[in-house]
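# Breakdown of the fold
Each chain is listed here by its residues.
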Amino acid sequence: MMRGVERTSRLQVNALICNTNLGRRTDAKIILQGYKVIAGAAGQLGLPVAFIAARRELADQLGRLGAPVLPIDIFMKSPWEDSI
């Protein structure tokens, strides 16, 4: 898929981003599992992981990993989250 995006965009991917996203149900454990998958893919592709996106309140729970953590804030609420 990445190579197809590169061909279509005529741009080269030079890093991957770990953006494990299950909305507000994402917790530190899910982010760490996602990071393992992305780090494995990055290793196979010979690319670095640029950063790990995590909700601000989870960022401190991740510890030191192989990429910097980018704390993010979520402002959007999905329709299925009305009952949450």
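Let me begin by describing the structure that accompanies this report. (Residues numbered from 1 in each chain as written. Predicted model: local features only at pLDDT ≥ 70, side-chain atom pairs only at ≥ 80, totals over all residues. Heavy atoms only, no water.)

### Here we look at the nonpolar core
If you look at the biggest cluster of nonpolar residues, it comprises 14 residues, and the most contacted ones within it are Leu16, Ile31, Tyr35, Val49, Ile52, Leu62 and Ala67. Broken down by secondary-structure element, the contributors of at least two residues to this core are strand 1 (16-18), helix 2 (28-45) and strand 2 (49-55). The greatest single-element share of this core, amounting to four residues, is contributed by helix 2. Sequence-distant contacts of leucine 16, that is, excluding residues within four places in its chain, are made with Met2, Ile38, Ala41, Ala42, Leu45, Leu47, Pro48, Val49, Ala50 and Phe51. (Core = buried A, V, L, I, M, F, W, Y, C linked by side-chain atoms within 4.5 Å. Buried < 20%, exposed > 50% of the residue type's maximum accessible area, 1.4 Å probe, protein only. Helix = DSSP H or I, 4+ residues; strand = E, 2+ residues; numbered from the N terminus. Contact = heavy atoms within 4.5 Å.)

### A look at the sheet that holds strand 3 (residues 69-72)
One open sheet holds the three strands; their spatial order is 1-2-3, and the pairing between them is parallel. In this open sheet, the two strands that pair with only one neighbour each are strand 1 and strand 3. When strand polarity is set aside, the average angle formed by the axes of neighbouring strands in this sheet is 25°. As paired elements, strand 1 and strand 2 share three bridges and run parallel to each other. Among the inter-strand pairings, isoleucine 17 is bridged to a residue of strand 2, identified as phenylalanine 51. Across the sheet, helix 2 touches strand 1 and strand 2, and the angle it forms with strand 1 is around 170°. (Pairing = 2+ DSSP bridges. Axes fitted to C-alpha atoms, helices over the stretch in contact; angles between N-to-C directions.)

### Focus: helix 2
With 18 residues, helix 2 should reach 26 Å at 1.5 Å per residue; the first-to-last C-alpha distance of 25 Å fits that figure. For helix 2, every residue scored as buried is listed here: Ala28, Ile31, Gly34, Tyr35 and Ala42. Here the buried residues of helix 2 occupy an arc of 115° about the axis, which is enough to place them on one side. Residues Lys29, Lys36, Val37, Gly43 and Gln44 are exposed on helix 2 and point more than 90 degrees away from its buried face. On its buried side, helix 2 packs onto strand 1, strand 2 and helix 3 (56-59). A side-chain oxygen of the first residue of helix 2 lies 3.2 Å from the backbone nitrogen of lysine 29; this N-cap is aspartate 27. (Expected span 1.5 Å × (residues − 1). Arc of directions from axis to C-beta. Polar contact = N/O pair within 3.5 Å; in protein donor to acceptor, adjacent residues only side chain to side chain.)

### A look at the pattern of salt bridges
Overall, the coordinates contain three salt bridges when judged by the stated rule. Put simply, glutamate 6 and arginine 3 hold a salt bridge, and the shortest N to O gap is 3.0 Å. Of the two residues, glutamate 6 and arginine 3 both sit in helix 1 (residues 2-9), three residues apart, roughly one turn of that helix. Accessibility expressed as a relative area gives 12% for glutamate 6, which makes it buried. A relative accessible area of 42% places arginine 3 in the partly exposed class. Of the charged contacts in the structure, one is a salt bridge between aspartate 73 and arginine 56, with a shortest N-O distance of 3.0 Å. Of this pair, aspartate 73 sits in the segment after strand 3 while arginine 56 sits in helix 3; the two residues are 17 residues apart in sequence, bridging distant segments of the chain. (Salt bridge = Lys/Arg side-chain N within 4 Å of Asp/Glu carboxyl O.)

The analysis is restricted to geometry; functional conclusions fall outside its scope.
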